[in-house]
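# Structural overview for review
Here's the letter readout for the chains.
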Amino acid sequence: MSRKFNVAVVGATGAVGEELFRILEEQNFPVGELLPLASAKSAGSEIEFNGKRVKVEELTESVFDGRDIDIAFFSAGGSISAKYAKYAVESGAVVIDNTSHFRMDSNVPLVVPEVNPEDIAAWRETGVIANPNCSTIQMVLALKPLLNLYGDIKRVDVSTYQATSGAGKSGMEELVRQMQDFFAFKLDESEHKAFSHQIALNVIPQIDVPIDNGYTKEEMKMTNETTKIMGTNIPVSATCVRVPVLRSHSEAVTVTFANSVKVDLEQARLALNNFENVEVMDNLEQGIYPMPIIATDTDITYVGRVRKDIFQDNILHMWVVADQVRVGAATNAVRIAQKWIELEDI
């Protein structure tokens, strides 16, 4: 590809923003002008990209004027996207938004490129393509090949084990600080700000705010986003849990197929392993299965512990792990941009 694209990154100094720069480099993405944007507090700092130092500018309503930005990645929180994304769109950019703000907007495509690339074509309606929730992304990457194989998923039950990086840099820093305090015998004095409870040596069965049905907002994101991405009304019931892991989310997923389906484990493993950016690691006897330390800093969704239910032939259980900063955020956003360029034939 000879053409280069002018790229803006909103939230340039955050965890996802920093990862975006890494992935754009690794993928040799054809970047022309790079415009890192952040709050006034971070403006003036520098990021490194392709061996050069680039100054971070303040995000303002006029910062896109006259810049000829082609692609604007937004990763600075829903309220920032709500306020500023329109200015990027008005300047002629396609916005790839990594927040929850646009995800359930019926006019905005919600995309995992391996699963529903055809939806990208709807970007022209609003100028925005939404990046799904990190836990949803890795789950649908494992569900799609099984849907292709068996044709009908009746229900999905999932429990997530979500790393502290899901709460950004502050979440990871809080876990590290509390563990340091534990070894200094002063954990009882350690503050918790990123999470509602102590995260070190603990698990917290709540992510995001509760809603009236007894679920949390995070859990309902998985339910609603899965339907929108996969284009079929699959009932999803989620329990989302924060665990004391720095990076990479894990999920225990139970998939119930139509009553007529008899799960074949070898077929299921083959379908999963042959799917784009999914890899099966599954040998319980040898202790081979996905773990956060394997998935971290990779762009693969790993699947293991694949097994049939012991009571019903139409139920499959599996364990799914991916780096949610990359696969669940930055990598998916870059893959959307790559697919957008391909489909637009620019």
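Note: the structure precedes this text.
Presented here is a report on the structure given in the accompanying data block. (Residues numbered from 1 in each chain as written. Predicted model: local features only at pLDDT ≥ 70, side-chain atom pairs only at ≥ 80, totals over all residues. Heavy atoms only, no water.)

## Observations regarding the packing of helix H3 (residues 134-150) against helix H8 (residues 326-344)
- Two numbers describe how H3 lies on H8: the axes approach to 8 Å, and their chain directions differ by 85°. Classified by the interaxial angle, the pair formed by H3 and H8 is roughly perpendicular. On H8, the residues touching Cys134, Ile137 and Leu141 of H3 are Val327, Gly328, Ala329 and Asn332. (Axes fitted to C-alpha atoms, helices over the stretch in contact; angles between N-to-C directions. Helix = DSSP H or I, 4+ residues; strand = E, 2+ residues; numbered from the N terminus. Parallel < 35°, antiparallel > 145°, perpendicular 65-115°, else oblique. Contact = heavy atoms within 4.5 Å.)

## With respect to helix H5 (residues 217-230)
- Over its 14 residues, H5 runs 20 Å from end to end, which matches the ideal 20 Å to within 8%, given 1.5 Å per residue.
- In terms of burial, H5 is a largely internal element, 10 of the 14 residues being buried.
- All of the buried residues along H5 are Glu218, Glu219, Met220, Lys221, Met222, Thr223, Glu225, Thr226, Ile229 and Met230.
- Once H5 ends, the next one or two residues include glycine 231, with phi positive near 70°. (Expected span 1.5 Å × (residues − 1). Buried < 20%, exposed > 50% of the residue type's maximum accessible area, 1.4 Å probe, protein only.)

## Regarding the nonpolar core
- Counting residues in each nonpolar core, the largest one holds 61 residues, and the members touching the most others are Phe64 and Met318.
- Of the residues forming this core, the biggest block, nine residues, is contributed by H3.
- Residues contacting phenylalanine 64, with those up to four places away along its chain left out, are Ala8, Val10, Leu37, Leu59, Ile69, Ala72, Phe74, Tyr84, Tyr87, Ala88 and Ser91.
- In this structure, Ala330, Val334, Ile336 and Trp340 belong to the second largest nonpolar core, which totals 33 residues. (Core = buried A, V, L, I, M, F, W, Y, C linked by side-chain atoms within 4.5 Å.)

## Description of helix H6 (residues 265-273)
- Turning to H6, its buried residues number three or more, namely Ala268, Ala271 and Leu272. An end-on view of H6 places all buried positions within 100° of arc, on one side of the element. Opposite the packed face of H6, turned more than 90 degrees from it, sit the exposed residues Glu266 and Leu270.
- For H6, the N-terminal capping position is held by aspartate 264, with its side-chain oxygen 3.1 Å away from the main-chain nitrogen of glutamate 266. (Arc of directions from axis to C-beta. Polar contact = N/O pair within 3.5 Å; in protein donor to acceptor, adjacent residues only side chain to side chain.)

## Structural notes on the packing of aromatic side chains
- This model, assessed by the stated rule, comprises eight aromatic pairs.
- Between phenylalanine 21 and phenylalanine 49, the aromatic rings sit 6.4 Å apart at their centres with planes inclined by 65°, giving edge-to-face as the arrangement. You can see phenylalanine 21 sitting in helix H1 (residues 15-26) and its partner phenylalanine 49 sitting in strand E3 (residues 46-49), a full 28 residues away along the chain. Pair check on accessibility: phenylalanine 21 and phenylalanine 49 agree, each one buried.
- Between tyrosine 161 and tryptophan 319, the aromatic rings sit 5.3 Å apart at their centres with planes inclined by 55°, giving tilted as the arrangement. Of the two residues, tyrosine 161 is situated in strand E9 (residues 153-162) and tryptophan 319 in strand E14 (residues 315-322); the sequence distance between them amounts to 158 residues.
- Three or more aromatic residues link up through ring pairs in this structure, and these residues are Phe5, Trp123 and Trp340. (Phe/Tyr/Trp six-rings, centres within 6.5 Å; stacked < 30°, edge-to-face > 60°.)

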